Amino acid sequence: MAEPFYITTAISYPNGRPHIGHAYEAIATDVVARFQRMMGRDVRFLTGTDEHGLKMAQTARGRGVTPKQLADEMSGYFKAMDDRLNISYDRFIRTTDADHHAASQALWRAMAANGDIYPGRYEGWYSVRDEAFYDEKELIAGDGGEKLSPQGTPVEWTVEESWFFRLSAYQQKLLDHYRANPDFIRPESRRNEMIAFVEGGLSDLSVSRTSFDWGVRVPDSDDHVMYVWVDALTNYLTGAGYPDGDWAKWWPADLHVIGKDIVRFHTVYWPAFLLSAGIALPKQVFGHGFLLHRGEKMSKSLGNVVDPLELAEHFGVDALRYFLLREVVFGQDGSYSAEAIVTRVNADLANSFGNLAQRTLAFIAKNLDGVVPVGGRADPADAALLAQVEAACAQELPAAFADLALAQGIEAWMRAVFACNQYIDAQAPWALRKTDPERMTAVLATLYRAIGDLAIAIAPVVPAASATLLDMMGVAEGERSYAALGDSAGRHARIAASGFRLSPPAPVFPRLELPTET
Ligand code: ME8
């Protein structure tokens, strides 16, 4: 039985359309999900939308629609984006789903049964944009001297009856957990921030609202709805099947992928709720960086909010996926621009890997009638190349991906691509055709195996292009896994023995051009 691997993205606020930051998170998480599937894990991948709270209620009011109407419309755009970007989610959860209400209420009851929920009156600062409560001491001053949240968003003084969660009781337990599980919060910089925050002391958390009703009802307390983050975080349990069914199969989650701005919710509040309810904690929370447009924060007022679907339309889905993963170091902020996408994708995919595959396969199709070359006169250079390619594809890339060093894994892969291009230039199979056909056969067979390995290894990043290439080369579905990479000789022999004939290949990675200004 394959070992389960449960992975999640944050669930996005559907108070507007998705932007490139949302696309980035979905793509990065998808790469990890696809990678783990190809490592033989039984993967469950959850993503979706976070539909309750004041921000949704206010946006809907401003548009003259109900919050549910707004959520229905915008959530559809998020799902359409995921589908367009080839995100292999198993469930797209919406927090308005009935089973999610039931799960949130079950978690609430478990926390209440443990004595951690008590009634009170909240007086303090609230940011609607962040959907977050802040202590006075955390606030910063804006340009006009007004108070702002540490994220720079407006805050309002709020006074209302609410239920509280005894967060203060969990300070030491959380610190103990961070110490005992150094990989619980990643990257390291986020972990240090959270340790410092928790060491600074934790106040109890207001966990319900009475001034509006767009949310999950608090059990046995009908005039309260849950604070949106309580139900939002619970989505990870709902997605596993909690509280009924076989949720223990998936829980605890292996990995929550989120952005750096919401690490506190996921590594302080969420584990405290779970400890209170007696539920195991997720194994890891990874806070990725922010995507900046030409080094600037995206904002509607700067007019630089780019629709990810436009980028996908212009550059292609795989090109966009490759660029984001290769160029942005996972865990750090990264910048993107049309020029940077074109430069990176042309250098790595079109001119290096694409050209390698195209030159080799077109030559075989044209000059050998598409018959897959086998045997020939070997040279030590062949085995050396195959050893290097196999090390990159079967060891270096998987080790880096397993550790979420995604850009580093792609770099190792790229080094193997370069080695193949050096080999093809040095061996010049086109010249050997007349002078030494036996040697030509060995060179082409070597390249055929190497290209197959490279296409399999990079599949999580560029799934559609990789599948096209592997189909074109006659590589069986069952051979497309990291475990199978160790047997490229067997794979090659099976393709050749099957009588497979290569057709003239269409380029899999076209050269990109900059969009013309309109
Ligand atoms: O925070 N670059 O939703 P959200 C990279 N509903 N990532 C970015 C980004 C950027 N420029 N901007 C946002 C919420 N993100 C909550 C989550 S989870 C139980 C509830 C990331 O729509 C952000 O960090 O504001 C978050 O991980 C995700 O996009 C959704 O952000």
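Residues numbered from 1 in each chain as written. Predicted model: local features only at pLDDT ≥ 70, side-chain atom pairs only at ≥ 80, totals over all residues.

Counting residues in hydrophobic clusters, the biggest one holds 155 residues, and the most contacted among them are Cys393, Trp413, Cys420 and Leu454. No other element matches helix 15 (residues 437-457), which puts 13 residues into this core. In this structure Leu454 touches Phe353, Val389, Cys393, Trp413, Ala416 and Val417, once residues within four positions along its chain are discounted. (Core = buried A, V, L, I, M, F, W, Y, C linked by C-beta atoms within 7 Å. Buried ≥ 20, exposed ≤ 12 C-beta atoms within 10 Å, placed from the backbone. Helix = DSSP H or I, 4+ residues; strand = E, 2+ residues; numbered from the N terminus. Contact = placed C-beta atoms within 7 Å.)

Looking at the ligand, there are 19 residues lining it, with Ala10, Ser12, Gly21, Asp50 and Gly259 nearest. Counting only elements with at least two residues in the shell around the ligand, the list comes to strand 1 (4-12), helix 1 (20-38), helix 7 (228-238) and strand 14 (255-259). It is helix 1 that provides the largest number of residues to the shell around the ligand, a total of four residues. Along the lines of polarity and charge, the residues of the shell around the ligand split into eleven nonpolar, five polar and three charged. (Near = placed C-beta within 6 Å. Nonpolar A, V, L, I, M, F, W, Y, C, P; charged D, E, K, R; others polar.)

Attention now moves to the pairing of strand 1. Burial within strand 1 is extensive, with eight of its nine residues counted as buried. The pairing of strand 1 with strand 2 (residues 42-49) spans seven bridges and is classified as parallel. When the sheet's bridge partners are listed, Ile7 is paired in strand 2 with Phe45. What joins strand 1 to strand 2 is helix 1, and the crossover it makes is right-handed. Across two bridges, strand 1 lies against strand 14 in parallel orientation. By the bridge assignment for strand 14, Ile7 is matched with Leu255. (Pairing = 2+ DSSP bridges. Right-handed = clockwise from strand over helix to strand, strands pointing away.)

On to the pairing of strand 8 (residues 156-165), then. One face of the sheet, then the other: side chains in a regular strand alternate in exactly this way. Judged from the ten bridges that link them, strand 4 (residues 117-127) and strand 8 form a sheet pairing that is antiparallel. In the strand pairing of strand 8, Pro119 is matched with Trp163. As judged from the two bridges shared by strand 8 and strand 10 (residues 205-206), these two strands associate in the antiparallel manner. In the sheet register, Phe164 faces strand 10, and the bridge partner there is Ser206.

A word on the sheet that holds strand 15 (residues 285-288). If you trace the six strands from one edge of the open sheet to the other, you get 3-2-1-14-15-9, paired in parallel fashion. Looking along the sheet, the strands with just one partner apiece sit at the ends: strand 3 (91-94) and strand 9 (185-186). Across the face of the sheet, helix 7 comes into contact with strand 1, strand 2, strand 3 and strand 14 while running at roughly 155 degrees to strand 1. Running over the sheet, helix 8 (residues 263-277) touches strand 9, strand 14 and strand 15 and is turned about 160 degrees from strand 15. (Axes fitted to C-alpha atoms, helices over the stretch in contact; angles between N-to-C directions.)

For an α-helix, 3.6 residues make a turn, and residues three or four places apart therefore share a direction. When the terminal C-alpha atoms of helix 12 (residues 380-402) are compared, their 32 Å separation across 23 residues agrees well with the 33 Å that a helix rising 1.5 Å per residue should span. The largest bend along helix 12 reaches roughly 35 degrees and is located at Ala392. Buried within helix 12 we find Asp382, Leu385, Leu386, Val389, Glu390, Ala392, Cys393, Ala394, Leu397, Pro398 and Phe401. Buried residues belonging to helix 12 abut helix 1, helix 13 (406-427), helix 15 and helix 17 (488-497). Once helix 12 finishes, Leu404 follows within two positions and takes phi at roughly 65 degrees, a positive value. (Expected span 1.5 Å × (residues − 1). Bend = angle between axes of the 7 residues up to and from the residue.)

When the local axis directions of helix 11 (residues 338-367) are compared, the greatest deviation, roughly 45 degrees, occurs at Asn346. Along helix 11, the residues that are buried comprise Ile341, Val342, Val345, Asp348, Leu349, Phe353, Gly354, Leu356, Ala357, Thr360, Leu361 and Ile364. Once helix 11 ends, the next one or two residues include Asp369, with phi positive near 55 degrees.

Here we take up the sheet that holds strand 12 (residues 217-218). Strand order across the open sheet formed by three strands is 11-13-12, with antiparallel pairing between neighbours. Among the strands making up the open sheet, the edge pair consists of strand 11 (208-209) and strand 12.

Chain-level statistics for the protein give a pLDDT mean of 96 and a share of 98% at 70 or above. For this predicted complex, the interface confidence comes out at an ipTM of 0.99, alongside a pTM of 0.97. (pLDDT = per-residue confidence, 0-100.)

What follows deals with the packing of helix 5 (residues 171-180) against helix 8. Two elements in contact, helix 5 and helix 8, have axes whose closest approach is 10 Å; the angle formed by their N-to-C orientations is 105 degrees. With respect to helix 8, the axis of helix 5 lies roughly perpendicular. Seen from helix 5, the contacting residues are Lys173, Leu174 and His177; seen from helix 8, they are Val268, Pro271, Ala272 and Leu275. The class makeup of the residues in the contact of helix 5 with helix 8 is five nonpolar, one polar and one charged. (Parallel < 35°, antiparallel > 145°, perpendicular 65-115°, else oblique.)

Attention now goes to the environment of Arg191. Secondary-structure assignment places Arg191 in helix 6 (residues 188-199). Residues Arg191 and Ala113 lie 78 residues apart in sequence; the distance between their C-alpha atoms is 31 Å. If we ignore the near neighbours within four places in the chain, the residues touching Arg191 are Tyr178, Ile185 and Arg186.

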